[in-house]
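Coordinate analysis (summary)
In case you want the letters, here they are:
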Amino acid sequence: ETNYGVLAGAGYDPAKFLRLDMDGGYFQQGRFDLDDVRGQPIYTYGGSARVVVHHDMPVPQSVDFLLYKNDPFAPMVMFAPEKYNPKMLAWSISAEGDLIDQHLKDFDVAGQTKMQPALAAALQGVVRAGYARFSATGIYRDLNYVVRNVPGFIPFETLPSNTKTDPEMFGSLSADYYISSLHLTPQISGGVQLPSTFKSEFTDGGVPASRTIVVRSQGNESILPYDSDRTPIYQARISLKWQLSSMLGATVWGQFVRDNNGT
């Protein structure tokens, strides 16, 4: 069966300093191949909304929840020239929320399906004062949202009703400064990420125990030792961009990531 999706979106500027965006979509993802629900459709639908308040700064791109992974290439727009005014103060603040529902097999009831919700949210602020620029980003995603493309932590099934999970939370700060005479922009940024988790509790020889699975992204998981919990992932980056002309630039960067969620 052919999979397909339908997307729709709209934006509105009720005032010079205010932007409102709304989007919705429906995605047909084939049919179940599990014995008790075989042939029933798998689908996802949902929507997102964003509010942006800004002053002397274009409306920023929406936060893409896939771009803050520990992939050094993903978050960087390498050579997009930034326009500076040494006498101008500009800023923007944006808040965004995503809510989706997925039609999956009910883990707790044989032969039944169930809608499973997934939630994500982001808050982002940018300030540009003369040649200096500062930004802060916060992102929240529950486990169902992290694995929405599988779909589900248990593929094609809902989470068990007695499941304990932790959402993913991420925060970062960044600063850069444009040295006009040299056409150089040094930048430093740092972030902390608490990855999402799936937890199981049981008895081992009559002794209560627990096991935690850390889910950084779909397919990127780690099983922690007994009775261990997730630890923060720390990351930092420094970069130096040299804008040789409006068409030519060069960048050198280094990235550090400390992730102890493994064995």
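Data block above holds the structure.
Computed from a prediction, not measured in an experiment: that's the story for all the values here. (Residues numbered from 1 in each chain as written. Predicted model: local features only at pLDDT ≥ 70, side-chain atom pairs only at ≥ 80, totals over all residues. Heavy atoms only, no water.)

**Overview of the pairing of strand β14 (residues 249-258)**
Note the threshold: Here, any two strands with at least 2 DSSP bridges between them count as paired. Secondary structure follows DSSP: runs of H or I at least 4 residues long count as helices, runs of E at least 2 residues long count as strands, and numbering of each begins at the N terminus.
Note: strand β13 (residues 233-243) against β14, 10 bridges, orientation antiparallel. Looking across to β14, one finds that Trp242 is bridged to Ala250.

**Details of the sheet that holds strand β2 (residues 18-31)**
Rule in force here: Axis definition: a line fitted to C-alpha atoms, over the contacting stretch in the case of helices. Angles run 0 to 180 degrees between N-to-C directions.
The sheet built from 10 strands is open, its strands ordered β1-β2-β3-β4-β5-β6-β8-β9-β13-β14 with antiparallel pairing. Looking at strand neighbours, the two that pair on one side only are β1 (4-15) and β14, the edges of this open sheet. Mean inter-strand twist for the sheet, computed between neighbouring axes without regard to direction, equals 10°.

**Section: the environment of Trp91**
Stated formally: Each residue is placed in one exposure class: buried if its accessible area under a 1.4 Å probe, protein chains only, is under 20% of its type's maximum, exposed if it is over 50%, and partly exposed if it falls in between. We call two residues in contact whenever any of their non-hydrogen atoms come within 4.5 Å of each other.
In this structure, Trp91 sits in strand β4 (residues 89-105). Taking the relative accessible area as the measure of exposure, Trp91 reaches 28% and is therefore partly exposed. For Trp91 and His54, which are 37 residues apart along the polypeptide, the C-alpha to C-alpha distance reads 5.7 Å. In this structure Trp91 touches Val53, His54, His55, Met57, Val126 and Val127, once residues within four positions along its chain are discounted.

**With respect to the packing of aromatic side chains**
Counted only if it meets this: Think of it this way: a Phe, Tyr or Trp ring, Trp meaning its six-membered ring, pairs with another when their centres are within 6.5 Å, and the plane angle makes it stacked under 30 degrees, edge-to-face over 60, tilted otherwise. Two thresholds decide whether a charge sits over a ring: the Lys NZ or Arg CZ must be within 6 Å of the ring centre and within 35 degrees of the ring normal.
Per the stated rule, a full pass over the model turns up eight aromatic pairs. Between Tyr43 and Tyr45, the aromatic rings sit 6.5 Å apart at their centres with planes inclined by 20°, giving stacked as the arrangement. Ring centres of Tyr84 and Tyr178 lie 5.1 Å apart, and the angle between their planes is 5°; this geometry places the pair in the stacked category. You can see Tyr84 sitting in the loop between β3 (41-55) and β4 and its partner Tyr178 sitting in the loop between β8 (168-177) and β9 (184-194), a full 94 residues away along the chain. Residue Tyr84 shares its accessibility class with Tyr178, and that shared class is buried. The ring of Tyr226 carries Arg211 above its face, with NZ or CZ at 4.3 Å from the centroid.

**Considerations on the pattern of salt bridges**
Note the threshold: The term salt bridge refers to a pairing of a side-chain nitrogen on Lys or Arg with a carboxyl oxygen on Asp or Glu at a separation within 4 Å.
Here the structure, examined in full by the defined rule, presents 12 salt bridges. Here Asp35 makes a salt bridge to Arg38, at a shortest N to O gap of 2.3 Å. The exposure class assigned to Asp35 is exposed, which follows from its relative accessible area of 68%. Overall, the relative accessible area of 45% leaves Arg38 in the partly exposed class. Residue Glu168 pairs with Arg141 through a salt bridge whose shortest N-O separation is 2.7 Å.

**Topic: unusual backbone geometry**
The amide bond that connects Val150 to the next residue, Pro151, takes the cis arrangement and shows omega of -5°. Note that Pro151 resides in the loop between α1 (143-146) and β7 (164-166). A positive phi angle, close to 55°, is found at Asp56, a residue other than glycine. The topology assignment puts Asp56 in the loop between β3 and β4. Here Asp56 falls in the partly exposed class, since its relative accessible area comes to 44%. In this structure, Phe156 is a non-glycine residue whose phi angle is positive, near 70°. Looking at the element boundaries, Phe156 is found in the loop between α1 and β7.

**As for the side chain of Asp176**
Just so we agree on the cut-off: The definition of a polar contact used here is a pair of N or O atoms within 3.5 Å, where within protein one atom must be able to donate a hydrogen and the other to accept one, and adjacent residues in sequence count solely through side-chain atom pairs.
Examined against the element boundaries, Asp176 turns out to sit in strand β8. A distance of 2.8 Å separates a polar atom in the side chain of Asp176 from a polar atom in the side chain of Arg133. Beyond its immediate sequence surroundings of up to four residues, Asp176 is in contact with Tyr84, Tyr131, Ala132, Arg133, Thr185, Pro186 and Gln187.

**Topic: the sheet that holds strand β11 (residues 207-217)**
Sheets are built from strands paired through backbone hydrogen bonds, the pairs being either parallel or antiparallel. One open sheet accounts for four strands, arranged β7-β10-β11-β12; its pairing is antiparallel. What marks the edges here is a single partner per strand, and that holds for β7 and β12 (220-223). Averaged over neighbouring strand pairs, the angle between their axes works out to 25° when direction is ignored. Here four bridges tie β11 to β12, and the two strands are oriented antiparallel to one another. Looking across to β12, one finds that Ser217 is bridged to Asn220.

**Structural notes on the nonpolar core**
This is how the line gets drawn: Among buried residues, those of type Ala, Val, Leu, Ile, Met, Phe, Trp, Tyr and Cys that are joined through side-chain atoms within 4.5 Å constitute a nonpolar core.
Among the nonpolar cores identified, the biggest contains eight residues, and these are Leu143, Val146, Val147, Phe153, Leu159, Phe198, Ile213 and Val215. Of all the elements in the fold, those that place two or more residues in this core are α1 and β11.

**Re the environment of Val59**
Relative to the helices and strands, Val59 is located in the loop between β3 and β4. In this structure the C-alpha to C-alpha distance between Val59 and Arg19, which are 40 residues apart in sequence, comes to 7.5 Å. Look past the residues within four positions of Val59 in its chain and what remains in contact with it is Arg19, Arg50, Val52 and His54.

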